[in-house]
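# A look at the structure
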Amino acid sequence: MADKSFVGGIREPRQGLVRVIRRGRSGWGGGRVALERSEVSPKLAPHFGFRLSEAERRGGGHFRGTRGRGGGKMAAPLELRCWGGGWGLPSVHSESLVVLAYAKFSGAPLKVSVIDNTWRGSRGDVPILTSEDNIVSQPAKILNFLRKQKYNADYQLSAKQGADTLAYIALLEEKLLPAVLHTFWIENDNYFTVTKPWFASRIPFPLSLILPGRMSKRALNRILLTKGEPPHYHLKEVEAQIYRDAKECLNLLSNRLGTSQFFFGNTPTTLDAYVFGFVAPLYKVHFPKVQLQEHVKQLSNLCRFCDDILSCYFRISLAGFSPAGQDTVDANLQKLTQLVNKESNLIEKMDDNLRQSPQLPPRKLPTLKLTTADEESNSFQPLSP
Amino acid sequence: MTLMCNFLRLKLIFIKNDYFSSLEGTFLKWISFHFLFTGEQILLSDNASSLAVQAFLQMCELPIKVVCRANAEYMSPSGKVPFIHVGNQVVSELGPIVQFVKAKGHSLSDGLDEVQKAEMKAYMELVNNMLLTAELYLQWCDEATVGEITHSRYGFPYPWPLNHILAYQKQWEVKRKMKAIGWGNKTLDQVLEDVDQCCQALSQRLGTQPYFFNKQPTELDALVFGHLFTILTTQLTSDELSDKVKNYSNLLAFCRRIEQNYFGENGKGHIPLRLA
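Residues numbered from 1 in each chain as written. Chains lettered and ligands numbered in written order. Predicted model: local features only at pLDDT ≥ 70, side-chain atom pairs only at ≥ 80, totals over all residues. Heavy atoms only, no water.

Looking at an unreviewed UniProt entry, chain B carries the name Metaxin-2, with the source organism given as Sarcophilus harrisii. What UniProt states about chain B under its Sequence similarities (unreviewed entry) heading is, verbatim, "Belongs to the metaxin family." Of the comments in the UniProt record for chain B, the one headed Function (unreviewed entry) reads "Involved in transport of proteins into the mitochondrion." (UniProt positions renumbered as here; feature names shortened; annotations may be inferred.)

In the annotation of an unreviewed UniProt entry, chain A is listed under the name Metaxin 3 and assigned to Sarcophilus harrisii. In its Subcellular location (unreviewed entry) section, UniProt records this for chain A: "Mitochondrion outer membrane". In its Sequence similarities (unreviewed entry) section, the UniProt entry covering chain A states "Belongs to the metaxin family."

Put into structure tokens, the structure is as follows:
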């Protein structure tokens, strides 16, 4: 499901300010981050009242503050509903991450509403972009929609590079996506220890009992229907095949990236968004079973690519952005473990020193009485250390 | 273009006498080349895959014998046509066949460097992802085509009621797969747009070169040829699909070129379908 009509596209990207509002869980840095004003284009002004009520309905009160400030204006409100982040990523869900990355690259002012465990908003078929009356749901369609709104990250690409983008995206979806789905949803250790608790904590009870299971089943279905045909009759063989394919795909991507900063020169494009969206969760999320992650870590240019995008495009915004909090917690934990390790090393060294030091001669009891003392000392000899 | 379609179900067979005495380095011995066509069974997507494999084998200059069987789909190890039968090995689908042939020492893509190989793989996935899925969608999920063409063709060799049952079963399977990969909600127009997008990408990649990787054809050329040629020469309920391809003149020239070079009158091969 590749992208459409970006070839020969619009010449200039529109600049906008990114505004992210987090309906936070307490402990992640609290509620709202400071809103930023952005300019509204004249053609949107007449629709302001109408749109505000729509957005207010959907966003549930975000704009009350601005209204109260007496006519705070905003650009066309594009609202994206997606899964939240963790482990340093803005979103753990691959498709949401693709859209978020593309929005950053193209400068689209996207209001991100994270799915949390309230009953607001929908949870199915995420990520969803809502804007005025349009509801767009799959990443390819969302990217198309953004391009039509003149947020185009590909305007510098030649026709051939555009064709290459389509081809590489198809390669990603065919070879890498099954392995990502498997690592997240089907591998039992990973699913029960990491994925399911994470998603269940962000879905209101009692849906949290049902929805992760449903997502897992959907992932398994997809893998089996597309990859599970004979001669692979057993799930293990399918798994082996998809991991082989995924490693080959990662190698190909690494070869293609080489030493350049992004896939097509120095500005990020759609392909960078897709690669980032698929590879970053594999790289960053801490799983018990990590064979693919090990492979990713060996490809240092892909790791560098992900880290670059994270540091350039996803750190500038938001104080109270949870991954920062998470990071400090992780950092503290790391320091603590390092200290403990150092201490244990010291203790071990001391132990070694003690053992290697020359043995003290066994203490001789004072010979009070000649005969009995001798006997005693003789009898005590075997007991000395 | 007037389209006269002779559908045939192909099973390509290598029959080799001196297979195990490959000391001279010869892989196969030429056996007389037959083909038969039954005419009424094969479907668009299978035909495309079969033609792609046949083109690839012609490009490798390997002698083949084409055999048609009504139950070829069930004979194949992976459930898909075409497949080749060499000695005591059976290999199906283009990917494994390419690897198999490469293991025997014939390869079309040796001259490519790593980046080009990656591109080639990516484009092959694009064709599989877009064109093949669109073909499957068109023939199994579009009600008009299903009713008129697909059901009758698919169930042709079987007696009533088996023909209906098998056709419905296959349709249900394909629809399930479409839903799993997200194509279940697409309309026909969206599918055609995707095909257009894919053809545009292929056309831009091909540019003015004779083949995708300049001078020599590779398996990508075989795959693209198989799909495009079949789309162009198959008569369906409407011509929209082939119209999409006809918009790109360099793709048409590409198909003609391969047809002439590898399937033409110089006797290298014989193809039942003609580009009018």
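### Observations concerning the packing of helix α4 (residues 114-140) of chain B against helix α7 (residues 188-206) of chain B
The angle between the axes and the distance between the axes are what describe a pair of packed helices. All names here are of chain B. Between α4 and α7, the shortest axis-to-axis distance is 10 Å and the interhelical angle comes to 155 degrees. Taken as axis vectors, α4 and α7 run roughly antiparallel relative to one another. Once α4 is placed against α7, the crossing between them reads as left-handed. Residues E119, Y123, L126, V127, M130, L131, A134, Y137 and L138 of α4 lie in contact with α7, whose contacting residues are L188, V191, D194, V195, C198, A201, L202 and R205. In the contact of α4 with α7, the residues fall into 14 nonpolar, no polar and 3 charged. (Axes fitted to C-alpha atoms, helices over the stretch in contact; angles between N-to-C directions. Helix = DSSP H or I, 4+ residues; strand = E, 2+ residues; numbered from the N terminus. Parallel < 35°, antiparallel > 145°, perpendicular 65-115°, else oblique. Left-handed = near helix turned anticlockwise from the far one by under 90°. Contact = heavy atoms within 4.5 Å. Nonpolar A, V, L, I, M, F, W, Y, C, P; charged D, E, K, R; others polar.)

### Quick look at the layout of surface pockets
Of the voids in this model, the second largest pocket is the one considered here, and its volume is about 1300 Å³. Along its surface, the second largest pocket is lined by 42 residues, and E95, D125, R218 and R222 of chain A together with A180 of chain B are the ones closest to its centre. Looking at the lining of the second largest pocket, the elements that each hand over two or more residues are α3 (94-106), α4 (139-148), α5 (159-186), α7 (207-227) and α9 (270-284) of chain A together with α6 (162-181) of chain B. Examining the composition of the lining of the second largest pocket, we find that 7 residues originate from one element, α7 of chain A, more than from any other. (1 Å grid on protein atoms, 1.4 Å probe; cavity = no way out; pocket = protein on both sides within 12 Å on 5 of 7 lines; lining within 4 Å. Points joined across faces, edges and corners; volume = space filled by probe spheres on them.)

### Section: the sheet that holds strand β4 (residues 134-136) of chain A
All names here are of chain A. Taking strand neighbours across the sheet as the criterion, the 4 strands line up as β2-β1-β3-β4 in an open arrangement whose pairing is mixed. Both outer strands of the open sheet, β2 (110-114) and β4, are each paired with one neighbouring strand and no more. On average, each strand axis in the sheet is inclined to that of its neighbour by 20 degrees, with strand direction left out of account. Pairing analysis gives 3 bridges linking strand β3 (residues 128-131) to β4, with the strands arranged antiparallel. The residue bridging S131 from the neighbouring strand is N134, located in β4. (Pairing = 2+ DSSP bridges.)

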